[in-house]
Amino acid sequence: MENLVERTDFVSVPVQDMERAKAFYRDTLGLQSPNWEAGFPEIETGNMSLYLVDPTAMGMEFAPHSAHIALRVPDVAVVRRELEERGVRFSGEHDTGVCKMAFFRDSEGNSLMLHRRHAS
């Protein structure tokens, strides 16, 4: 059977307050976007983009993601400490033996995690 899907281009991240969300992803997480001033900015993450979108602008209801978006970092503990200093509150962490994760939410209530595989 032919593969109909080539890849995932972006993940939509629902927001209620676009300016607050942009500040969180830009200033708190330090992520980059070529179009912060666009109506729905796309944030570069290295392998896939996060697309900030206000679902109410498209006639849908706002509901934050409950499944975590895994953000790869060089060292989970170091980045966690840095983000805590910037006011981010973490709800826990977990080490599977394969990877380490630390869980938090963005300014809009979306579930995120810092993530790093032990062997990478």
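All values reported here derive from a predicted model rather than from experimental measurement.

Topic: the packing of aromatic side chains
Consideration 1: By the definition in use, this model includes four aromatic pairs.
Consideration 2: Ring centres 5.4 Å apart and planes at 80° place the aromatic pair Phe 24 and Tyr 25 in the edge-to-face group.
Consideration 3: Looking at Phe 24, the relative accessible area reads 10%, which means it is buried.
Consideration 4: For Tyr 25, a relative accessible area of 0% gives the class buried.

Some remarks on helix H1 (residues 18-28)
Consideration 1: Turning to H1, its buried residues are Met 18, Ala 21, Lys 22, Phe 24, Tyr 25 and Thr 28.
Consideration 2: For H1, the elements touching its buried residues are strand S1 (10-14), strand S2 (42-44), strand S3 (49-53), helix H2 (76-85), strand S6 (99-105) and strand S7 (111-117).
Consideration 3: In the segment just after H1, Gly 30 is the residue with positive phi, at about 75°.

Details of the nonpolar core
Consideration 1: In this structure, Tyr 25, Leu 29, Leu 52, Phe 104, Leu 112 and Leu 114 are the most contacted members of the largest nonpolar core, which totals 23 residues.
Consideration 2: Contributing elements (two or more residues each) for this core: H1, S3, strand S4 (69-72), H2, S6 and S7.
Consideration 3: The element best represented in this core is H1, accounting for four residues.
Consideration 4: Other than its neighbours up to four places away in sequence, Leu 112 contacts Phe 24, Tyr 25, Leu 29, His 68, Ile 69, Leu 71, Ala 102, Phe 103, Phe 104 and Asp 106.

Things to note about the sheet that holds S1
Each strand in a sheet pairs with another by means of backbone hydrogen bonds, the pair being arranged parallel or else antiparallel.
Consideration 1: Strands sit in the order S1-S3-S2 across an open sheet of three strands; the sheet is mixed. Lying at the two open borders of the sheet, with one neighbouring strand each, are S1 and S2. With strand direction ignored, the average angle separating the axes of adjacent strands in the sheet is 30°.
Consideration 2: With five bridges connecting them, S1 and S3 associate as parallel partners. Bridge pairing in S3 links Phe 10 to Ser 49.
Consideration 3: Each of S1, S2 and S3 touches H1; the most contacted strand, S3, lies at about 155° to it.

Notes on the pairing of strand S5 (residues 90-95)
Consideration 1: Both S5 and S6 contribute to a ladder of five bridges, which runs antiparallel. Across the sheet, the residue bridging to His 94 is Met 101, located in S6.
Consideration 2: The turn joining S5 and S6, which pair antiparallel and follow one another in sequence, is formed by three residues; a positive phi near 95° is taken by Gly 97.

Remarks on the environment of Arg 117
Consideration 1: Mapped onto the elements of the fold, Arg 117 is located in strand S7.
Consideration 2: What Arg 117 contacts, discounting residues up to four positions off in sequence, is Val 98 and Cys 99.

Topic: the side chain of Asp 106
Consideration 1: The residue Asp 106 is located in the loop between S6 and S7 in this model.
Consideration 2: It is Arg 105 that comes nearest to the buried, bridge-free Asp 106 among opposite-charge side chains, at 7.2 Å.
Consideration 3: At 2.6 Å, the side chain of Asp 106 forms a polar contact with the side chain of Tyr 25.
Consideration 4: Polar side-chain contacts of Asp 106 include one of 2.8 Å to the backbone nitrogen of Asn 110.
Consideration 5: When near neighbours in sequence (up to four residues on either side) are disregarded, Asp 106 contacts Val 13, Phe 24, Tyr 25 and Leu 112.

What counts, and where the lines are drawn
Residues numbered from 1 in each chain as written. Predicted model: local features only at pLDDT ≥ 70, side-chain atom pairs only at ≥ 80, totals over all residues. Heavy atoms only, no water. Phe/Tyr/Trp six-rings, centres within 6.5 Å; stacked < 30°, edge-to-face > 60°. Buried < 20%, exposed > 50% of the residue type's maximum accessible area, 1.4 Å probe, protein only. Helix = DSSP H or I, 4+ residues; strand = E, 2+ residues; numbered from the N terminus. Contact = heavy atoms within 4.5 Å. Core = buried A, V, L, I, M, F, W, Y, C linked by side-chain atoms within 4.5 Å. Pairing = 2+ DSSP bridges. Axes fitted to C-alpha atoms, helices over the stretch in contact; angles between N-to-C directions. Lys, Arg positive; Asp, Glu negative; His and termini not counted. Salt bridge = Lys/Arg side-chain N within 4 Å of Asp/Glu carboxyl O. Polar contact = N/O pair within 3.5 Å; in protein donor to acceptor, adjacent residues only side chain to side chain.

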